[in-house]
Amino acid sequence: MARLSVKATGRRGALLGLVILLAALSSLAAEPLERLEGEGFDHYTLALTWHPGFCESRSRPPRECRDPTLHEGADRGFVLHGLWPSLPARFAERGVDRRRWWREGCFLETPRPDGSFCRAHPPLDLPAALGQALDIAMPGRASCLGRYQYAKHAACLALPEAAYFAASVALVEAVNDSAFGAFVTLNQGGEVERNALINAFEAAFGQGTGRALRLECHGRGNRLLTEVRIGIDAERLADFPTGDSLVHQDRGRCATRVRIATLD
């Protein structure tokens, strides 16, 4: 996907930039994030799963791990876990702290119903082409992960479903098309230094940008890579992956050497 540079000086500029970003997806989204301006959050966390590592880390792997027909996105690189807005000002004003927002999200206002993701949340209303793209980018849709992610992280912020997921797909593609995505894919099946992953990220996105990357690992000694999380300025979403679109993340807990699993 081509990089777009839209110099936004405020929330309105960010909205215009996002319109351009979505247009680059061949109009997969029906509308831009028209109501983003009033929601008052600072940044997004783009959570991308390394699917083989996630599946290996689960004692009871879900369907998207067991069914090889759902692995097309994983064969391309990272897959989508979610796009998570940071703590909105109106929640902070009610005394909600960041930890509680990450834990409960929009369920603070609309409690999560009982049952599985598929039974608890209604189907997403997406154009057919976008739905197909999301199926590839998010294998977890087989377990209705997309429904859950939208209900928890976006529904209460008036983010239109189509625009939200079109942007998410575009961001996944941008990472997988980068030198960082290529480095991880090239090294699957082996081990790399944790700092080598950070250095590869900085080589792809600019010196000092490694602070925007959080590595998530599981398994014995936290050596199995399962996910990366990237901080993105809410006003610069359309500028991703330029360095000035990125914001710092807390450090993860990966060991000094990290194993990058591959699908069997």
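Described below are features of the structure shown in this document.

Criteria and cut-off values
- Residues numbered from 1 in each chain as written.
- Predicted model: local features only at pLDDT ≥ 70, side-chain atom pairs only at ≥ 80, totals over all residues.
- Heavy atoms only, no water.
- Helix = DSSP H or I, 4+ residues; strand = E, 2+ residues; numbered from the N terminus.
- Buried < 20%, exposed > 50% of the residue type's maximum accessible area, 1.4 Å probe, protein only.
- Axes fitted to C-alpha atoms, helices over the stretch in contact; angles between N-to-C directions.
- Parallel < 35°, antiparallel > 145°, perpendicular 65-115°, else oblique.
- Left-handed = near helix turned anticlockwise from the far one by under 90°.
- Contact = heavy atoms within 4.5 Å.
- Nonpolar A, V, L, I, M, F, W, Y, C, P; charged D, E, K, R; others polar.
- Core = buried A, V, L, I, M, F, W, Y, C linked by side-chain atoms within 4.5 Å.
- Disulfide = S-S within 2.5 Å.
- Pairing = 2+ DSSP bridges.
- Expected span 1.5 Å × (residues − 1).
- Arc of directions from axis to C-beta.

**Observations concerning the environment of Arg-236**
Examined against the element boundaries, Arg-236 turns out to sit in the loop between strand 5 (224-233) and strand 6 (246-247). On the accessibility criterion, Arg-236 (14% relative accessible area) is buried. In this structure, the C-alpha to C-alpha distance between Arg-236 and Leu-246, residues ten residues apart in sequence, is 8.1 Å.

**A few points about the packing of helix 9 (residues 145-153) against helix 10 (residues 161-176)**
The interhelical angle for the contact between helix 9 and helix 10, taken along N-to-C directions, is 110°, at an axis separation of 12 Å. One finds that helix 9 runs roughly perpendicular with respect to helix 10. As helix 9 runs across helix 10, the sense of the crossing is right-handed. Here Gly-146, Gln-149, Tyr-150 and His-153 of helix 9 come into contact with helix 10, specifically with Glu-161, Tyr-164 and Phe-165. Grouping the amino acids of the contact of helix 9 with helix 10 by side-chain chemistry returns three nonpolar, three polar and one charged.

**Here's the deal with the packing of helix 8 (residues 128-137) against helix 10**
Running from N to C, helix 8 and helix 10 point in directions that differ by 45°, and their axes come no closer than 10 Å. As far as their axial angle goes, helix 10 and helix 8 are oblique. With respect to the hand of their crossing, helix 8 and helix 10 are arranged in left-handed fashion. The residues of helix 10 that touch helix 8, namely those facing Leu-130, Ala-133, Leu-134 and Ala-137, are Ala-162, Phe-165, Ala-166 and Val-169.

**Digging into the nonpolar core**
Formed by 62 residues in total, the largest nonpolar core has its most connected members in Leu-46, Leu-48, Phe-180, Leu-225 and Ile-230. Counting residues per element, this core draws most heavily on helix 10, which supplies nine residues. Not counting chain neighbours up to four residues away, the residues in contact with Leu-46 comprise Leu-80, Gly-82, Leu-83, Leu-171, Val-175, Val-228, Arg-229, Ile-230 and Ile-232.

**Some points on the state of the cysteines**
Per the counting criterion, the structure on display carries four disulfides. The residue that forms a disulfide with Cys-55 is Cys-65, at a sulfur-sulfur distance of 2.1 Å. Its S-S torsion of about -85° marks the bond between Cys-55 and Cys-65 as left-handed, since a negative value means left-handed. Placement of Cys-55 in helix 2 (residues 51-57) and of Cys-65 in helix 3 (residues 63-66) is noted, with a sequence separation of ten residues between them. In terms of burial, Cys-55 and Cys-65 fall into one category: buried. Across the disulfide, Cys-118 is cross-linked to Cys-144 (sulfur-sulfur distance 2.1 Å). Where Cys-118 bonds to Cys-144 through sulfur, the torsion about that S-S bond is close to 100°, and the disulfide is right-handed. With Cys-118 in helix 7 (residues 117-120) and Cys-144 in the loop between helix 8 and helix 9, the pair connects residues that are 26 residues apart, well separated along the chain. Look at Cys-118 and you get partly exposed, because its relative accessible area is 33%. Sequence-ordered numbering of the disulfide-bonded cysteines in the protein gives the connectivity 1-2, 3-6, 4-5, 7-8.

**Regarding the pairing of strand 1 (residues 43-49)**
Taking burial as the measure, the seven residues of strand 1 include seven buried ones, the bulk of the element. For strand 1 and strand 5, the ladder comprises seven bridges, and the chain directions are antiparallel. Its bridge partner being in strand 5, Leu-46 is matched across the sheet by Ile-230. Across six bridges, strand 1 lies against strand 2 (residues 79-85) in antiparallel orientation.

**Some remarks on helix 12 (residues 194-205)**
In a regular helix each residue adds 1.5 Å, so twelve residues correspond to 16 Å; helix 12 covers 17 Å between its end C-alpha atoms and thus fits that length. For helix 12, the complete set of buried residues consists of Leu-197, Ile-198, Ala-200, Phe-201, Ala-204 and Phe-205. Taken end-on, helix 12 shows its buried residues confined to a sector of 160°, consistent with a single buried face. Those residues of helix 12 that are buried lie in contact with helix 11 (179-186), strand 3 (190-193), strand 4 (213-218), strand 5, strand 6 and strand 7 (257-260). Just downstream of helix 12, Gly-206 is the residue with a positive phi angle, here 125°.

By themselves, these observations are geometric and do not establish any function.
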